[in-house]
Structure formats: C-alpha cells, structure tokens
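# Observations on chain architecture
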Amino acid sequence: MASVTITVDSAQVRKMLEIAPERVRTRLNRVLNIVAVETQREMRIKAQVGVSGDLRQSIKQEVTGTTAIIGPTAKYAEAVENGSRPHWTSVKPDTSLYKWAEAKGISPYAVQRSIAYKGTKAHPFVAPTVTLMEPRIQRRFDTEIDKLTEELMNG
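A brief structural summary. (Residues numbered from 1 in each chain as written. Predicted model: local features only at pLDDT ≥ 70, side-chain atom pairs only at ≥ 80, totals over all residues. Heavy atoms only, no water.)

### Here we look at the overall build of the protein chain
Along the protein chain, the regular secondary structure elements total six helices and two strands. The secondary structure elements of the protein chain, listed N-terminal to C-terminal, are α-α-β-β-α-α-α-α. On C-alpha atoms alone, the protein chain measures out to a radius of gyration of 25 Å, which is more than a quarter above the 15 Å that the 2.2 N^0.38 rule sets for 155 residues. Taken over the C-alpha atoms alone, the protein chain extends approximately 90 × 35 × 20 Å along its principal axes. (Helix = DSSP H or I, 4+ residues; strand = E, 2+ residues; numbered from the N terminus. Rg over C-alpha atoms; globule rule 2.2 N^0.38 Å.)

This is the structure in structure tokens:
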C-alpha cells in the first residue's frame, strides 16, 4: 500500500509564529487605514454638494485600534440621508438652512414652513457608500491576508 509522509519543520513554524502577530497587526492596520480613506472619499463623492459644501467636508474618518469610523458630523446629515418628517426648524442667519435658502434666492421662512408641512426628502449617501465599498474592502483584506500568509510561509 502506498503512503505519504509529511514532515513539519517545527523550528520554521515556531519562527513564523513568533514574527506573525506583529506583521499581521502592522499589515492589517495599514489596510484598515487605506480602506478608511477610500471609503471617506467615496462617501464625499456621493454626498450632495449643497451651497456651502459643509456636508461633504463634515465627512471624517478615524481609525482606532481595529476599528474605523467613517461618517458625517454635520447635525443635519441624518435628515439628508433618511429624509425627515415634518418638523419646525431654525432659520437663524448662521444656520445651514438659512445660508442655503439665501444662496438659492428663496425665503428661508418659506423653506422653514415647507419643512414644517412636508418634511424633507431623503438623499442617501451613507448607505450607497456602504453597499459600494463592502465588497471592495473584503477583497482588499482577502488579498492582503493571502499575501501575508504566503510571506510568512516562505520566511
């Protein structure tokens, strides 16, 4: 009967396991930073420009440890993403709504009443970015893990 003999070089395995944690951590952190920046860029592209560009500029990315958080910080971002039910909103001269209405040549008070009566329509930019980026991010990590495994196996 035929047989197969497999021999594992335990010294090589030990050496690989000693260097693996730091190399894995370094590589995955680098990839996480790259995909965070790419996701931020895509989200900014998908966000409405508006008059001031404040919404786009409010999209930040922060990487802490093994977590990346990417999203807008503008107070009105959720209403842009999901739309809003009718509500009363401020039209003080320093608000984004006031600036937008003035730039469009519309009475800010008319916009205020319209929002109070109809709410606002959704203009999603976060959800479409997630849909677009998820497979890209997965492929990027899969590729890097494959490369790292190959490097570790070949010393």
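### Quick word on the pattern of salt bridges
Side-chain pairs of opposite charge can arise where the charged atoms are in close proximity. Per the counting criterion, the structure on display carries six salt bridges. The salt bridge partner of Arg140 is Glu38, with a shortest N-O separation of 2.7 Å. Within this pair, whereas Arg140 is found in helix H6 (residues 126–153), its partner Glu38 is found in helix H1 (residues 10–46), the two being separated by 102 residues in sequence. Here Arg140 falls in the partly exposed class, since its relative accessible area comes to 28%. With a shortest N-O distance of 3.7 Å, Glu42 and Arg136 are connected by a salt bridge. Of this pair, Glu42 sits in helix H1 while Arg136 is found in helix H6, placing the two residues 94 residues apart along the sequence. (Salt bridge = Lys/Arg side-chain N within 4 Å of Asp/Glu carboxyl O. Buried < 20%, exposed > 50% of the residue type's maximum accessible area, 1.4 Å probe, protein only.)

### Structural notes on H6
Look at H6: 39 Å from first C-alpha to last across 28 residues, which is about the 40 Å you get at 1.5 Å a residue. At Met133, H6 shows its maximal bend, which comes to roughly 35°, and the proline Pro135 appears one to four places after that position. Of all the residues in H6, the buried ones are Thr129, Met133, Phe141, Glu144, Leu148 and Leu152. (Expected span 1.5 Å × (residues − 1). Bend = angle between axes of the 7 residues up to and from the residue.)

### Points about the side chain of Thr95
Tracing the sequence through the fold places Thr95 in the loop between helix H3 (77–82) and helix H4 (96–104). Note on Thr95: relative accessible area 19%, which makes it buried. Engagement of the side chain of Thr95 in a polar contact is seen with the backbone oxygen of Lys92, the distance being 2.8 Å. (Polar contact = N/O pair within 3.5 Å; in protein donor to acceptor, adjacent residues only side chain to side chain.)

### A few points about the pairing of strand S2 (residues 67–72)
Pairing of strand S1 (residues 59–64) with S2, which is carried by six bridges, proceeds in the antiparallel orientation. Looking at the pairing, Lys60 lines up with Gly71 of S2. Hairpin connection of S1 to S2: two residues between the antiparallel strands, including Gly65 at a positive phi of 60°. (Pairing = 2+ DSSP bridges.)

### Some points on the nonpolar core
Formed by Met43, Ala47, Leu55, Ile59, Ala74, Ala77, Val80 and Phe125, the largest nonpolar core amounts to eight residues. Those residues in contact with Met43, other than ones at most four positions away along the chain, are Ile59, Ile70, Gly71, Pro72, Phe125, Val126 and Thr129. By size, the runner-up hydrophobic cluster in this structure holds five residues, among which are Val91, Leu97, Ala101 and Val111. (Core = buried A, V, L, I, M, F, W, Y, C linked by side-chain atoms within 4.5 Å. Contact = heavy atoms within 4.5 Å.)

### Quick look at the environment of Val31
Tracing the backbone shows Val31 in helix H1. Sequence spacing of Val31 and Thr66 is 35 residues, and the spatial spacing of their C-alpha atoms is 11 Å. The contact partners of Val31, leaving out residues within four places of it in the chain, are Arg140, Phe141 and Glu144.

### So, helix H5 (residues 108–118)
The set of residues buried in H5 consists of Pro108, Val111, Gln112 and Ile115. Burial along H5 is one-sided: seen end-on, the buried residues are contained in an arc of 105°. For H5, exposure combined with an orientation more than 90 degrees from the buried face picks out Tyr117 and Lys118. On its buried side, H5 packs onto H4. Among the residues trailing H5, Gly119 stands out with phi positive, at a value near 80°. (Arc of directions from axis to C-beta.)

Just distances and angles here, no functional claims.
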